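Chains, contacts and geometry: an overview
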Amino acid sequence: MSKHIQQLSVFIENKSGELKNIINLISKQDISIKSIMVADSTDFSILRIICDDVQSASNILNSHGASSTITEVLGVSIKDFTGSFAQVVGILCDNGFNIKYTYTVNEIGNGIFVFKLEDNELERAKEILTSKGIEVVGQEDL
Amino acid sequence: MSYAIQQLSVFLENKPNELLAFTKILKKANVSIEAIQLVDSSDFGLVRSIVDKSEVAKEALHEAGFSVKVTNVFGVKIADKIGSFNKILKVLAKNEINLFYTYSFYEEKNGIFIFCVDAADFEKATNALVKKEFEVVNSTYFQ
Amino acid sequence: MPYSHEETLESNALKGLQSKRLKETLQRVKKTPFYKDKIDINQIKSIDDISKLPFTTKKDLRDNYPFGLLCVPMDEIVRIHSSSGTTGKPTVVAYNEHDMNVWAEVIARAYTMAGLTSKDILHNATGYGLFTGGLGFHDGAELLKIAVVPSSTGFTSRQLMILKDFQATAMTGTPSFALHLAEKAKVEGYDIKNDFALKVGFFGAEPASDGLKDEIARIWGIDYHEIYGLSEIVGPGVASSCKCSKLLHINEDHFYPEIINPQTGEVLNDGEAGELVVTTLTKEALPVLRYRTGDITTLTHKKCECGRTTARMKSVFGRSDDMLVVNGVNVFPSQIEHVLSQNKHITLNYQIIAKKKGYLDKLELDVEMNQTLMSDDISKLEKIKKELQAELLNALYINVDIKLVKPNTIERSEGKAKRIKDERMS
């Protein structure tokens, strides 16, 4: 595993049909989407997508005038949901990591939790989690 | 047939360890988290979770001083993710359902997509999806 | 009985007075760097020659910011006010003691037109501060020994409480505030007809249809009077309505009115709609010649039943430029553009939308999202919005709602961009 999970964030206005239009654009390409999460704010939302070809997704969106950006996020494989999630959150917090947001990714066989940390913190987080026997998942593992 | 799944929304200050405190309480109450989503906003975060024992969770969180709100959401089982997710959005848009947010999670062999719509549109949304032969999970699914 | 005898002069006497005062004004301004080379005093024999004088515009005031047009030393100045400018700087006006007396006098005329006496209590719900509104209404009331309650704007619940407890018999404010206050009174369980002692209201600073004025009069059970003015001339008090109609008597012994075609500058006749131009005849600190107000109206010299012989104007019903009035505050789109151009996050793809929120006005600024602004961090985006809102509040004195919209949705246009959408009904 070389790269962390590449998450695509897309700006959408809180108007009806906006989300559908974006999803439509991506699904027309041959891109496999692993997870979708809509984070809503006052008058807009940020659509966060994890897929197997983030560059193509980004290109198709940009060519249609959508605003998007690619962010690196930490993926952690979790076997048993309850215990492990609390355990991972515990390790991250004890080591001073600030969890900006988190959500789950669909993967047959496993749960993968995605954590957004501060920029540049991913490598250190990966080291610490791995040393505690917790599996960190990267973009190629999806 | 009730499709309303109780989602707990908990307000978290953007302070360190707030999320940890939340997960610890649920663990102590022996509540299993089926799906969880932490959303960042301006000066606070919102944890949305679906658990197996929502009443127990609510009690435990209240006692620990957290602000908890329960929202009715519905879940749709999807085998193939993209195509169906797109189709679901089409059904909702056609019926003029206002979608607040959505997230997905893994459950055994399936993906489940959770949708939060305007309370007034809830029945219309679930009926429309059932009619189009989508598998909307019933409210006791996670218990 | 009118407050001043000048309100009932027969036309020759009035003309004579105006001619005399115009010549005095020209003597005052001829020494200023701004007017010196623009006027030829010998050409002006009477008030009828006024169209030979040049116009003065808001830009002239801006170019001479802050005190370039002053005709007296700062030592003599007793008050400085400012109002909305078109860029980053406000428009500045200044008064000496004589000017302050004129100002109070014209307001006193307005109150007298409505029948107020020293027995009355005036609830002054017009904003105090740099704007001329609040203090203008205030000083005129004190001249008539009316008890003034300087409640200014905001804090609606408290205003209702003191309106009832103090039993004010008159009030001032904007028409939209009058409606907002009435609605709030209803919500808070007041009995409008019995809890309050209001007989008269003085409203202005924003346009209002005849129907709206009648509605306000009906809801509050009061006589509706309008007071018109602008800071560059004196403040409120340039004109006011009497009991006879909705037309406003212009205090033309102090402020000489003309109506012009805003494109050509040609002076128009009574009844023809055009831009109101006003010349101050008695101001000493900052006189202005043929000032272009930007307000569209008509004039009439027909007799009025109240006996006042001064010319009357219709309530302003348009603008010759793109200025907006939002809850009584003048807003120039160029002010907003100025703030945006200084903000490093925002591109210049934006649109201003004026809306109604209940009875009050609301300004919304739609800003396009773009690749530079785009971020995964919602709190960062919200913070940028909040900062922009604070910058606009500082510049405009009003709150603007900021809304992020997706890229390429705001109309582009060649030439003058269609920056403003006014969705309010008049």
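For the structure itself, consult the block above.
First, a word on what this report is: a plain description of the structure on this page. (Residues numbered from 1 in each chain as written. Chains lettered and ligands numbered in written order. Predicted model: local features only at pLDDT ≥ 70, side-chain atom pairs only at ≥ 80, totals over all residues. Heavy atoms only, no water.)

Some remarks on the nonpolar core
To keep things clear, this is the line we draw: Nonpolar cores are built from buried Ala, Val, Leu, Ile, Met, Phe, Trp, Tyr and Cys residues. Side-chain atoms within 4.5 Å join them into one set. Each residue is placed in one exposure class: buried if its accessible area under a 1.4 Å probe, protein chains only, is under 20% of its type's maximum, exposed if it is over 50%, and partly exposed if it falls in between. The contact rule is simple, with two residues in contact once any of their heavy atoms fall within 4.5 Å.
Within the largest apolar cluster, 135 residues are counted, with the highest numbers of intra-cluster contacts made by Leu47, Leu74 and Phe115 of chain A, Phe115 of chain B together with Ile336, Leu363 and Leu365 of chain C. With residues up to four places along the chain from it excluded, the contact list for Leu365 of chain C reads Ile336, Leu340, Tyr350, Gln351, Ile352, Leu388, Leu392, Val400, Asp401, Ile402 and Lys403 of chain C. Judged by nonpolar contacts, the second largest core, of 61 residues, contains Leu70, Ala114, Leu144 and Ile146 of chain C.

Looking at the state of the cysteines
All names here are of chain C. Which entries qualify depends on this criterion: When the sulfur atoms of two cysteines come within 2.5 Å, that pair is taken as a disulfide.
Scanning the entire structure with this criterion turns up zero disulfides over all chains. For the unlinked cysteine Cys242, the closest cysteine sulfur is that of Cys304, found at 3.7 Å. With relative accessibility at 4%, the residue Cys242 sits in the buried group.

What about the interface of chain A and chain B?
The condition is simple: Here's the idea: put two parts together, see how much 1.4 Å probe accessible area each one loses, and the total over both is what we call buried area. A side-chain nitrogen of Lys or Arg and a carboxyl oxygen of Asp or Glu constitute a salt bridge if their distance falls within 4 Å. Each polar contact in these results corresponds to two N or O atoms within 3.5 Å; when the atoms are within protein, one needs to be able to donate a hydrogen and the other to accept it, and residues that are neighboring in sequence are counted only if both atoms are side-chain atoms.
The interface of chain A with chain B comprises 36 residues on the first partner and 33 residues on the second. Overall, the association of chain A and chain B removes approximately 3100 Å² of surface from exposure, summing both partners, and the carbon and sulfur fraction of that is 63%. Applying the counting criterion to the chain A and chain B interface returns zero salt bridges. The interface formed by chain A and chain B contains four residue pairs in polar contact (both at pLDDT 80 or more).

Some words on the sheet that holds strand S11 (residues 274-280) of chain C
Within a sheet, each strand pairs with its neighbour through backbone hydrogen bonds, oriented either parallel or antiparallel. What counts is decided by this rule: At least two DSSP bridges between two strands are needed for those strands to be called paired. Each helix is a run of DSSP H or I of at least 4 residues and each strand a run of E of at least 2, with the numbering of both proceeding from the N terminus.
Pairing within the open sheet is antiparallel, and its four strands lie in the order S10-S11-S12-S15 (chain C). The open sheet has two edge strands, strand S10 (255-260) and strand S15 (318-319) of chain C, and neither has a second partner.

Remarks on the packing of helix H7 (residues 175-187) of chain C against helix H9 (residues 210-220) of chain C
Residue and element names in this part refer to chain C. Note the threshold: Axis geometry follows a simple rule: fit a line to the C-alpha atoms, using only the stretch in contact for helices, then measure angles between N-to-C directions, giving values from 0 to 180 degrees. Left-handed describes a crossing whose near helix is turned anticlockwise from the far helix through less than a right angle; right-handed describes the clockwise counterpart. Gly falls in the polar group here, along with every residue not listed as nonpolar (Ala, Val, Leu, Ile, Met, Phe, Trp, Tyr, Cys, Pro) or charged (Asp, Glu, Lys, Arg).
Closest axis-to-axis distance for the H7/H9 pair is 10 Å, and the angle between their directions is 35°. Handedness of the crossing formed by H7 with H9: left-handed. Judged by residue contacts, Pro175, Ala178, Leu179, Leu181 and Ala182 of H7 engage Leu212, Glu215, Ile216, Ile219 and Trp220 from H9. Broken down by class, the residue content of the contact of H7 with H9 amounts to nine nonpolar, no polar and one charged.

Considering the sheet that holds strand S21 (residues 420-422) of chain C
All names here are of chain C. Pairing is mixed in the open sheet, where four strands are placed in the order S20-S19-S18-S21. If you trace the sheet from one side to the other, it starts and ends with strand S20 (400-405) and S21, each paired once. The sheet shows a mean angle of 25° between the axes of neighbouring strands, direction not considered. In the sheet, strand S18 (residues 350-357) pairs with S21 via three bridges, with the strands oriented parallel. Counted as the bridge partner of Ile352 is Ile420 from S21.

Comments concerning the environment of Val106 of chain C
All names here are of chain C. Within the element layout of this structure, Val106 appears in helix H4 (residues 97-113). Among the residues examined, Val106 registers a relative accessible area of 0% and is labelled buried. Along the backbone, Val106 and Pro333 are 227 residues apart, and their C-alpha atoms lie at a distance of 32 Å.

Here we look at the pairing of strand S3 (residues 44-51) of chain B
It is a general feature of regular strands that their side chains alternate between the two faces of the sheet. Residue and element names in this part refer to chain B. Of all eight residues that make up S3, six are buried, and the element is covered over most of its length. Both strand S1 (residues 5-13) and S3 contribute to a ladder of six bridges, which runs antiparallel. Each residue of the ladder has a partner; that of Ser9, found in S3, is Arg48. Looking at chain direction, strand S2 (residues 33-40) and S3 are connected through seven bridges and run antiparallel. Its bridge partner lying in S3, Gln37 is registered against Arg48.

Details of helix H2 (residues 54-63) of chain A
Residue and element names in this part refer to chain A. Heads up, the rule is: Of all possible arcs, the one meant is that of the directions from the helix axis to the C-beta atoms.
All of the buried residues in H2 are Val54, Ala57, Ser58, Ile60 and Leu61. For H2, the angular spread of the buried residues around the axis is 165°, confining them to a single face. Tucked inside the fold, the buried residues of H2 contact strand S1 (5-13), helix H1 (18-28), strand S3 (44-51) and strand S4 (68-78). With its phi angle positive at about 85°, Gly65 sits one or two positions after the end of H2.

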